[in-house]
Amino acid sequence: MASQQDRAQLDAKAKEGQTVVPGGTGGKSLEAQEHLAEGRSRGGQTRREQLGTEGYQEMGRKGGLSTGDQTGGERAAEEGVSIDESKFRTK
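Residues numbered from 1 in each chain as written. Predicted model: local features only at pLDDT ≥ 70, side-chain atom pairs only at ≥ 80, totals over all residues. Heavy atoms only, no water.

Some remarks on the overall build of the protein chain
Logical step 1: Looking only at helices and strands, one finds three helices and zero strands in the protein chain.
Logical step 2: Going from the N terminus to the C terminus, the protein chain shows its helices and strands as α-α-α.
Logical step 3: Its C-alpha radius of gyration of 19 Å places the protein chain more than 25% over the 12 Å reference for a compact globule of 91 residues.
Logical step 4: Residues counted as buried form 20% of the 91 residues belonging to the protein chain.
Logical step 5: Of all intrachain contacts in the protein chain linking residues separated by at least 6 positions in sequence, the fraction that spans at least 24 positions is 26%.
Logical step 6: Taking the average location of the 14 positive side-chain charges in the protein chain and that of its 15 negative ones, the two points are 4 Å from each other. (Helix = DSSP H or I, 4+ residues; strand = E, 2+ residues; numbered from the N terminus. Rg over C-alpha atoms; globule rule 2.2 N^0.38 Å. Buried < 20%, exposed > 50% of the residue type's maximum accessible area, 1.4 Å probe, protein only. Contact = heavy atoms within 4.5 Å. Lys, Arg positive; Asp, Glu negative; His and termini not counted. Charge placed at Lys NZ, Arg CZ, Asp CG, Glu CD.)

Details of the packing of helix α1 (residues 4-15) against helix α2 (residues 30-65)
Logical step 1: Relative orientation of the contacting elements α1 and α2 amounts to 85°, with a least axis distance of 8 Å. The angle between the axes of α1 and α2 places the two elements in the roughly perpendicular class. In contact with R7, L10, D11 and A14 of α1, α2 contributes L30, Q33 and E34. (Axes fitted to C-alpha atoms, helices over the stretch in contact; angles between N-to-C directions. Parallel < 35°, antiparallel > 145°, perpendicular 65-115°, else oblique.)

A closer look at the pattern of salt bridges
Logical step 1: Scanning the model with the defined rule gives five salt bridges in all.
Logical step 2: For R42, the salt bridge is made with E38, and the minimal N-O distance between the two is 2.4 Å. Placement of the pair is R42 and E38 together in helix α2, with a separation of four residues, close to one helical turn.
Logical step 3: Residue classification places R42 among the partly exposed positions, given a relative accessible area of 48%.
Logical step 4: Salt-bridge contacts for R61 lead to E58; the nearest nitrogen and oxygen are separated by 2.2 Å. Taken as a pair, R61 and E58 lie in helix α2 at a separation of three residues, close to a single helical turn.
Logical step 5: Of the residues examined, R61 reaches a relative accessible area of 41% and is grouped as partly exposed.
Logical step 6: For E58, a relative accessible area of 6% translates into the label buried. (Salt bridge = Lys/Arg side-chain N within 4 Å of Asp/Glu carboxyl O.)

Quick word on the environment of G39
Logical step 1: In this fold, G39 is placed in helix α2.
Logical step 2: According to the relative accessible area criterion, G39 is partly exposed, its value standing at 40%.

Have a look at this one:
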């Protein structure tokens, strides 16, 4: 855990607009960045639990193929990449 002085320095940097906590982008204070990072992490974990690990990986594969003018599904079909959407199960 950071000391009180370290936290004060990090808070000052955060108020200047710097990201001091990984995943805390957009937070205006150290505490806000900590909360943002925790929520983003928990959101990904929840989605993985809903879809299952294999479904979550397939979703990432499909999303990684998307471009500004094509969805991941369109590009996968165009390039012959198989995406197994049956793995996108929900509990």
